[in-house]
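# Notes for the structure review
So the chains spell out like this:
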Amino acid sequence: MTKDKTDIGSKTALNGKLKNVLNARTLADSFPLLAQRMKTGLRVLDVGCGTGAITRGIAEAVGPRGRTVGVDSNAALIAEARAKHAGTPGLTFDVSDVGSLPADQTFDIVAASRLLVWLPDPGAGMASLAGAVRPGGTVLVADYNHDKIEWSPEPPDSMKEFYAAYLKWRSDKGLDNAVADRLSAWMGDAGLRDIRVFPQHEEMRRGLPDFEARASIWADTAASRGPQMARDGYGDPKAWKRAESEYRHWAAEEAISIRLYMLAAEGVRPE
Ligand SMILES: C[S@@+](CC[C@H](N)C(=O)[O-])C[C@H]1O[C@@H](n2cnc3c(N)ncnc32)[C@H](O)[C@@H]1O
């Protein structure tokens, strides 16, 4: 797994709006199971850390006596993470593929959120995460099942068409849309024990802070991925533009709630 053969998860530049989505995430809101496991002094590796918003929350939780390392295969995102979070004690960032993680096994926790859904071989990704944690340490992973999204009310047909094409494009590229429901099995295959799985759905509800910006994630996805999908033969760029604008209108005026189905799983590496 030294190279992402799909070339869509790690190497593609994210547009500004999708980067805003990453930057708006926090440890407490976006990876609550990990937030609950935090203790001062822990050594934590966050794999696929993006621009480091969650990673920074980890560093603040473990404090200056702990150590937090964020890694991502996208060098531009790591440059941004370094610039944004410079000066947070005990926090460093490195460019690394999930397939070539530090081999010293000094981490108490190896975490990954919203990463496996972008890997061509998520089971191998889980094995890499398990190989980087110390014996007795914990692997914590949170990820989506995109097949189980719930919108209320139904979004515009143009977005439903885009979303169906997006999932088809992803699966034709070899990406699994339902990783959330396989986390436990992959943890078992990776030799982890005491595996537990918890619901960690991303709920967006009108009236909650930033609802419209958060609900617009699929308009941002249409803007970011639509042109690439059209180049790959999945739909017409004009249709994806229409999906983007109709969905933005829906998010502003009609949407009541959106639930992105997500599970968080933890497993312990045997001593
Ligand atoms: C959706 S973002 C998630 C960022 C952050 N963990 C979060 O939950 O907001 C997925 C990240 O995984 C990274 N990624 C994709 N493939 C990777 C790989 N093979 N090795 C390391 N990182 C990878 C991408 O560059 C991207 O930053």
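Residues numbered from 1 in each chain as written. Predicted model: local features only at pLDDT ≥ 70, side-chain atom pairs only at ≥ 80, totals over all residues. Heavy atoms only, no water.

Per an unreviewed UniProt entry, the protein goes by the name Methyltransferase domain-containing protein and belongs to Cohnella hashimotonis.

### What to know about the site of the ligand
In the region of the ligand, 19 residues are neighbours, and Arg25, Gly48, Asp72, Ser113 and Arg114 sit closest. Burial of the ligand by the surrounding chains reaches 94%, relative to a free accessible area of 600 Å². The residue makeup of the shell around the ligand, split by class, is 7 nonpolar, 8 polar and 4 charged. (Near = heavy atom within 4 Å. Areas by Shrake-Rupley, 256 points an atom, 1.4 Å probe, with all protein chains shown as cover. Nonpolar A, V, L, I, M, F, W, Y, C, P; charged D, E, K, R; others polar.)

### Some thoughts on the sheet that holds strand S8 (residues 202-205)
The antiparallel open sheet is built from 3 strands, whose spatial order is S6-S9-S8. Edge strands, defined here as strands with exactly one partner in the open sheet, are strand S6 (150-152) and S8. Across the sheet, the axes of successive neighbouring strands diverge by a mean angle of 5 degrees, strand direction being ignored. Of the strand pairs in this sheet, S6 and strand S9 (residues 257-260) are connected by 3 bridges, and their pairing is antiparallel. Within S9, the residue paired with Glu150 across the bridge is Arg259. (Pairing = 2+ DSSP bridges. Helix = DSSP H or I, 4+ residues; strand = E, 2+ residues; numbered from the N terminus. Axes fitted to C-alpha atoms, helices over the stretch in contact; angles between N-to-C directions.)

### Quick look at the packing of aromatic side chains
To describe a pair of aromatic rings, you give the distance between the ring centres and the angle between the ring planes. All told, the structure shown has 7 aromatic pairs when counted by the stated rule. Both rings, one in Tyr247 and one in Trp250, keep their centres 5.0 Å apart while their planes meet at 35 degrees; by these two values the pair is tilted. Of this pair, Tyr247 and Trp250 both sit in helix H11 (residues 237-253), 3 residues apart, roughly one helical turn. Owing to a relative accessible area of 0%, Tyr247 belongs among the buried residues under this scheme. Members of the aromatic cluster, connected to one another through ring pairs, are Trp151, Phe162, Tyr163, Tyr166, Trp169, Trp218 and Trp240. (Phe/Tyr/Trp six-rings, centres within 6.5 Å; stacked < 30°, edge-to-face > 60°. Buried < 20%, exposed > 50% of the residue type's maximum accessible area, 1.4 Å probe, protein only.)

### Description of the UniProt feature "domain: Methyltransferase" (unreviewed entry) in the protein
If you check UniProt for "domain: Methyltransferase" (unreviewed entry), the listed places come out as residues 40-146 in our numbering. Between the end C-alpha atoms of residues 40-146 the distance is 34 Å, and the span holds 30% helix and 33% strand. (UniProt positions renumbered as here; feature names shortened; annotations may be inferred.)

### Description of the nonpolar core
Formed by 73 residues in total, the largest nonpolar core has its most connected members in Val47, Leu129 and Trp218. No other element matches helix H7 (residues 157-172), which puts 7 residues into this core. Dropping the residues within four chain positions of it, Trp218 is found in contact with His146, Ile149, Trp151, Met159, Phe162, Tyr163, Tyr166, Tyr247 and Leu260. The next biggest cluster of nonpolar side chains, apart from the first, holds 6 residues, and it includes Cys49, Ile78, Leu91 and Phe93. (Core = buried A, V, L, I, M, F, W, Y, C linked by side-chain atoms within 4.5 Å. Contact = heavy atoms within 4.5 Å.)

### Overview of the packing of helix H1 (residues 16-24) against helix H10 (residues 217-231)
The contact between H1 and H10 brings their axes to 8 Å, and the two run at 140 degrees. Accordingly, the angle class assigned to the pair H1 and H10 is oblique. Every pair of crossing elements has a handedness; the one defined by H1 and H10 is left-handed. Where H1 approaches H10, its residues Lys17, Leu18 and Val21 are matched on the opposing element by Ile217, Asp220, Thr221 and Ser224. Grouping the constituent residues of the contact of H1 with H10 by class yields 3 nonpolar, 2 polar and 2 charged. (Parallel < 35°, antiparallel > 145°, perpendicular 65-115°, else oblique. Left-handed = near helix turned anticlockwise from the far one by under 90°.)

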